[in-house]
Amino acid sequence: MRHRGQPTALPLRGAFWLCVYVTLVIAPLGLLLLGERPRPGGFWWDFALALGYASLAMMGLQFALTARFRRATAPFGIDLIYYFHRYLASIAVALLVAHALILLLRFPATVGRIDFTAAPLYMSAGWVALFAFLVLVASSLWRKRLRLEYDRWRRVHVVLAVLGLVASFVHVLGSGSYLEVEWKYALWIALGAFWLGLVLYVRLLRPVALMRRPWKVIEVRPERGRSWTLALEPEESRGFDYRAGQFVWLSLRATPFGMREHPFSIASSPSRPGRLEFTIKELGDFTRTISQIQPGERAWVDGPYGNFGVEGHEDAPGLVFIAGGVGIAPVISLLRWLADQGEQRPLWLFYGNRTFDRIVFREELEALQQVLSLKLVHVLGDPPEGWVGERGFITAEVLNRHLPGQRDRLHCFVCGPEPMIRLSERSLESLGVPLSRLHSEIFDLA
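What counts as what
Here the residue index of a chain counts from 1 through its sequence in written order. Reporting of local features is limited, given that this is a predicted model, to residues whose pLDDT is at least 70; pairs of side-chain atoms are given and counted only at 80 or more, and all residues count toward the totals for whole chains, interfaces and linings. The side-chain figures draw on all heavy atoms in the structure; neither hydrogens nor water molecules are used. To qualify as a helix, a DSSP run of H or I must reach at least 4 residues; to qualify as a strand, a run of E must reach at least 2; elements of each kind are numbered from the N terminus. It only takes one pair of heavy atoms within 4.5 Å for two residues to be counted as in contact. In this description, strands pair whenever DSSP reports at least two bridges between them. Only residues above 30% relative accessible area that lack a salt bridge enter a patch, with like-charged residues linked at up to 9 Å and the nonpolar side chains Val, Leu, Ile, Met, Phe, Trp and Tyr linked at up to 5 Å. Method for areas: the Shrake-Rupley scheme with a 1.4 Å probe, in which residue coverage is limited to the protein chains shown. Put simply, a salt bridge is a Lys or Arg side-chain nitrogen that is within 4 Å of an Asp or Glu carboxyl oxygen. Between buried and exposed lies partly exposed: a residue is buried under 20% and exposed over 50% of the maximum accessible area for its type, with that area taken using a 1.4 Å probe on protein chains only. As used in this structure description, the phrase polar contact means that two N or O atoms lie within 3.5 Å; if the pair is within protein, one of them must be able to donate a hydrogen and the other to accept it, and residues adjacent in sequence are counted only when both atoms belong to side chains. Angular values range over 0 to 180 degrees, each being the angle between N-to-C directions of two axes fitted as lines to C-alpha atoms, with helices fitted over their stretch in contact. For classification, angles of less than 35 degrees are called roughly parallel, those exceeding 145 degrees roughly antiparallel, those between 65 and 115 degrees roughly perpendicular, and all remaining angles oblique. Handedness of each helix crossing follows the sense of rotation of the near helix against the far helix: counterclockwise by less than a right angle gives left-handed, clockwise gives right-handed. Ten residue types, Ala, Val, Leu, Ile, Met, Phe, Trp, Tyr, Cys and Pro, are classed as nonpolar, four, Asp, Glu, Lys and Arg, as charged, and the remainder, Gly among them, as polar.

A.B. asks: Would you mind showing me how to read the side chain of S140 here?
C.D. replies: Within the element layout of this structure, S140 appears in helix α6 (residues 121-141). With sequence-adjacent residues up to four places away left out, S140 is seen in contact with W153 and H157.

A.B. asks: Looking at this model, I keep getting lost on the pairing of strand β1 (residues 215-223). Mind explaining?
C.D. replies: Looking along a regular strand, one sees side chains alternate from face to face of the sheet. Looking at chain direction, β1 and strand β2 (residues 227-234) are connected through eight bridges and run antiparallel. Bridge pairing in β2 links R221 to T229. Two successive antiparallel strands, β1 and β2, enclose a turn made up of three residues, where G225 displays a positive phi of approximately 70°. Pairing of β1 with strand β6 (residues 298-305) involves two bridges; the strand directions are antiparallel. Note on β6: the bridge partner recorded for W215 is A299.

A.B. asks: Just to check I follow, could you spell out a nonpolar patch on the surface for this structure?
C.D. replies: Together, I114, F116, V128, F131, L134 and L163 make up an exposed nonpolar region whose accessible area comes to about 490 Å². For the nonpolar patch, the element with the most residues is α6, which contributes three residues. Here L163 is to be found in helix α8 (residues 150-175).

A.B. asks: Could you clarify how one ought to interpret the side chain of S427 in this entry?
C.D. replies: Along the chain, S427 turns up in helix α13 (residues 418-430). Look at S427 and you get buried, because its relative accessible area is 4%. A polar contact is formed between the side chain of S427 and the backbone oxygen of L423, at a distance of 2.8 Å. In this view, S427 contacts I394, T395, A396 and L399; residues no more than four positions away in its chain are not counted.

A.B. asks: Can you walk me through the packing of α8 against helix α9 (residues 182-211) in this structure?
C.D. replies: Angle between the axes and distance between the axes are the two parameters that describe a pair of packed helices. Contact pair α8 / α9: the axes reach a minimum separation of 11 Å and the direction vectors enclose 165°. As far as their axial angle goes, α9 and α8 are roughly antiparallel. The interaxial crossing formed by α8 with α9 has left-handed handedness. Contacts between α8 and α9 pair R154, V158, V162, L165, V166, F169 and L173 from the former with Y185, W188, I189, L191, G192, W195, L196, V199 and R203 from the latter. The class makeup of the residues in the contact of α8 with α9 is 13 nonpolar, one polar and two charged.

A.B. asks: How should I be thinking about the environment of I290 in this particular structure?
C.D. replies: Along the chain, the position of I290 falls in the loop between β5 (276-281) and β6. What makes I290 buried here is its relative accessible area of 0%. When the C-alpha positions of I290 and Q344 are compared, they lie 36 Å apart, and in sequence the two are 54 residues distant.

A.B. asks: Sorry if this is basic, but what is going on with the pattern of salt bridges here?
C.D. replies: Pairs may arise between side chains of opposite charge once their charged atoms sit close together. This structure, assessed with the given rule, holds 22 salt bridges. Two residues, R68 and D302, come together in a salt bridge whose shortest N-O distance is 2.6 Å. Of this pair, R68 sits in the loop between α2 (43-65) and α3 (70-73) while D302 sits in strand β6, placing them 234 residues apart in sequence. A residue is classified by how much of its surface remains accessible, and R68, at 4% relative accessible area, is buried.

What follows is the structure, encoded as structure tokens:
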């Protein structure tokens with residue numbers, strides 16, 4: 001999921017955490033440059049090693065980016081953090097490849113051949129780290145093209161990340177470049193322990209905490225468009241507080257240790273505590289099994305996360321929602337909550353579907369028009385005969401026909417497939433909606 005557009009109170013906090021990240025990457029490298037340079041020295045030697053250390057620092061911090069620390073992720077939205085994680089991993093690997101190529105081309109005698117039978121352990125470890133990170137990034141960027149099953153890919157992803165990090169430290173500590181001084185050596189030992197501690201937290205401590213708060217499936221009901229609504233209640237605790245529009249990581253038929261958790265938006269209203277609902281479409285290997293889940297089965301919920309919500313936007317004279325397919329899930333949560341709060345402002349919902357029969361929550365949306373000041377606009381790609389409503393895509397022309405003349409103060413919330421989101425964002429901007437009032441979220445964290 002990606003979130004764009006943040007409450008105005010968050011930019012300073014966001015800038016603070018960006019500075020923290022940059023400092024954690026640059027500071028260890030800067031400290032290494034203090035004192036004498038190692039042999040053979042020279043610009044290219046120093047530059048190559050600087051690239052290697054910077055790459056290792058970035059890879060280590062990747063574990064922090066996926067640890068879901070709420071305070072650090074709140075200014076951005078954890079969905080945006082995951083995109084940040086993906087792109088930074090590509091940059092880190094590019095730095096690592098440049099590090100290896102410079103040393104191979106400029107200092108072949110020092111590096112030696114790629115020979116796991118004769119090379120020193122620390123040199124072999126360096127090549128293992130490079131290959132592990134290359135496979136990790138390539139399999140992540142091209143997972144869908146390679147048709148890698150999500151749960152299996154996640155497990156391999158974690159193994160490759162840990163293997164690459166451990167091998168990197170064996171290489172760095174064994175080569176000793178820039179680490180001749182005892183305090184520098186100790187610094188990188190501490191950094192390695194910290195990063196591996198993050199792995200321990202994410203893969204052991206947090207699952208232990210989740211195991212203490214099990215949930216129970218109480219209902220599985222079919223919806224239109226090959227979608228299912230899954231309802232949960234906490235077994236013992238009172239659950240947790242959340243805001244409309246947020247999402248969680250859900251584990252079904254596997255404990256939190258099994259790394260088979262999936263992100264889903266909450267469809268229920270937070271003003272109705274004690275019950276969570278998720279509306280899930282059959283799109284992938286896991287989601288096709290939702291219909292097989294039985295009431296009484298256990299589930300584990302890690303959340304809530306995300307900033308896709310209307311709270312903090314009370315200054316807006318009206319709210320616009322644009323949804324495509326099962327992207328209606330967080331939007332229905334927002335509408336249900338607004339109805340519970342007695343919202344009086346004008347609301348618009350543009351809902352895109354392929355056919356009329358696939359419209360999820362069709363009757364409930366019609367009923368909400370009687371409770372809220374809601375204008376519902378269905379946009380169908382393949383409308384039935386005699387359809388007099390909008391057809392095709394949710395374009396600027398469609399939006400222009402139904403929105404008021406003054407749009408610059410409206411807050412707009414978009415959720416659905418990425419192509420639909422891009423089109424909606426361009427359309428809204430062309431109609432005068434400022435970027436700061438445009439909020440979007442997509443269902444794709446991998």
